Amino acid sequence: MSRRIHIRVGRRGKVKADFVGFPGDDCFDESESLQTALAHYGIRVNSQNLTPKTAEEIERELEAAAGEDLDKTKTGVSDPLRRK
Amino acid sequence: MSHVTTLATEIKLETALANGHPLESDPGWTLLEDAVKIAAEELGGELSTNIRDYYGRKLRCDWGIVTEGFPRGVGVRVSRSDGEVTFAYDSYGGYDAIAEKICDSIAQNYTALAVTEALRSLNYQVDLSEEAHPTEGRRFLVKGVL
């Protein structure tokens, strides 16, 4: 299963990240790497609310990932913030 | 009373300054410029390097957005001493909502661009899309796949 990070950016730049496919505590390490990378661009994030997923959530992710692997054609790329 | 409001953001461009380089060489500088340009385009505004207060006095800024609905404009300023990014505007007369909308748009655009670049720097393949949210309005979804 590939490793994925889904990050939602809301009003005022509020960030919520979802780590998918990271075994064990790997997501904590990756979260730190991401925080360091974001700090490079001047964004400080607080990951105190990082909580492990439940077994049910992980199972759902695995099922979803299996479904995506079967349908590789759904990979439309959009870029609303096209930079000039 | 008319006043210019200065709001601190969560954005602080410190990387270049910490290495003794000019602020304009910071990796976030170009991103911030892009974020302002995109916000101006989205809101139908124009870019400026000045905004005005209620009395028409000019206030210099690094970038500013002036719209038809808020001709005084919202300015973005980056501190040359510590890289702190602030928004400046005079919302006297009922312009709070529109000024905040402009600030929101800039901050959201900047964060989405920065998240995209941060994930790329970690070797993720990145896809950026927009989604509607019932209370927040627009939201960006940045997907990184390793």
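Visitor: Go over the overall build of chain B, please, and point to the residues and values.
Guide: Counting secondary structure elements, chain B contains three helices and seven strands. Seen in sequence order, chain B has helices and strands lined up from the N terminus as β-α-α-β-β-β-β-α-β-β. Rg of the C-alpha trace for chain B: 16 Å, near the compact-globule value of 15 Å for 146 residues, within the 12% margin. Expressed as lengths along the three principal axes of its C-alpha atoms, the size of chain B is roughly 55 × 45 × 20 Å.

Visitor: Explain the packing of helix α1 (residues 26–40) of chain A against helix α3 (residues 96–121) of chain B to me, and be specific about the residues and the numbers.
Guide: Between α1(A) and α3(B), the shortest axis-to-axis distance is 9 Å and the interhelical angle comes to 125°. As far as their axial angle goes, α3(B) and α1(A) are oblique. Crossing angle aside, the handedness with which α1(A) passes α3(B) is right-handed. Of the residues in α3(B), those touching α1(A) at Leu34(A), Ala37(A) and Leu38(A) are Ala114(B), Val115(B), Ala118(B), Leu119(B) and Ser121(B).

Visitor: Tell me about the pattern of salt bridges, residues and numbers included.
Guide: Within the structure shown, the criterion is met by 12 salt bridges over all chains. The partner of Arg3(A) in a salt bridge is Asp26(A), and the shortest N-O contact between them spans 2.9 Å. With Arg3(A) in the segment before β1 (4–9) and Asp26(A) in helix α1, this pair connects stretches of sequence that are 23 residues apart. Among the residues examined, Arg3(A) registers a relative accessible area of 28% and is labelled partly exposed. Here Arg8(A) makes a salt bridge to Glu131(B), at a shortest N to O gap of 2.7 Å. Of this pair, Arg8(A) sits in strand β1 while Glu131(B) sits in strand β6 (residues 125–133), each in a different chain. Given a relative accessible area of 28%, Arg8(A) falls into the partly exposed group. Residues participating in the shared-partner salt-bridge network are Arg8(A), Glu131(B) and Arg139(B).

Visitor: With reference to specific residues and values, describe the interface of chain A and chain B.
Guide: Between chain A and chain B, the contact holds 34 residues from the first and 49 residues from the second. The junction of chain A with chain B conceals about 3700 Å² of combined surface from both sides, 55% of it contributed by carbon and sulfur atoms. Connecting chain A to chain B are four salt bridges. Across the salt bridge formed by Arg44(A) and Glu14(B), the nearest N and O atoms sit 2.6 Å from each other. Counting the contacts that link chain A with chain B gives 14 residue pairs in polar contact (both at pLDDT 80 or more).

So, how was this worked out
Residues numbered from 1 in each chain as written. Chains lettered and ligands numbered in written order. Predicted model: local features only at pLDDT ≥ 70, side-chain atom pairs only at ≥ 80, totals over all residues. Heavy atoms only, no water. Helix = DSSP H or I, 4+ residues; strand = E, 2+ residues; numbered from the N terminus. Rg over C-alpha atoms; globule rule 2.2 N^0.38 Å. Axes fitted to C-alpha atoms, helices over the stretch in contact; angles between N-to-C directions. Parallel < 35°, antiparallel > 145°, perpendicular 65-115°, else oblique. Left-handed = near helix turned anticlockwise from the far one by under 90°. Contact = heavy atoms within 4.5 Å. Salt bridge = Lys/Arg side-chain N within 4 Å of Asp/Glu carboxyl O. Buried < 20%, exposed > 50% of the residue type's maximum accessible area, 1.4 Å probe, protein only. Buried area = accessible area lost by both parts, 1.4 Å probe. Polar contact = N/O pair within 3.5 Å; in protein donor to acceptor, adjacent residues only side chain to side chain.

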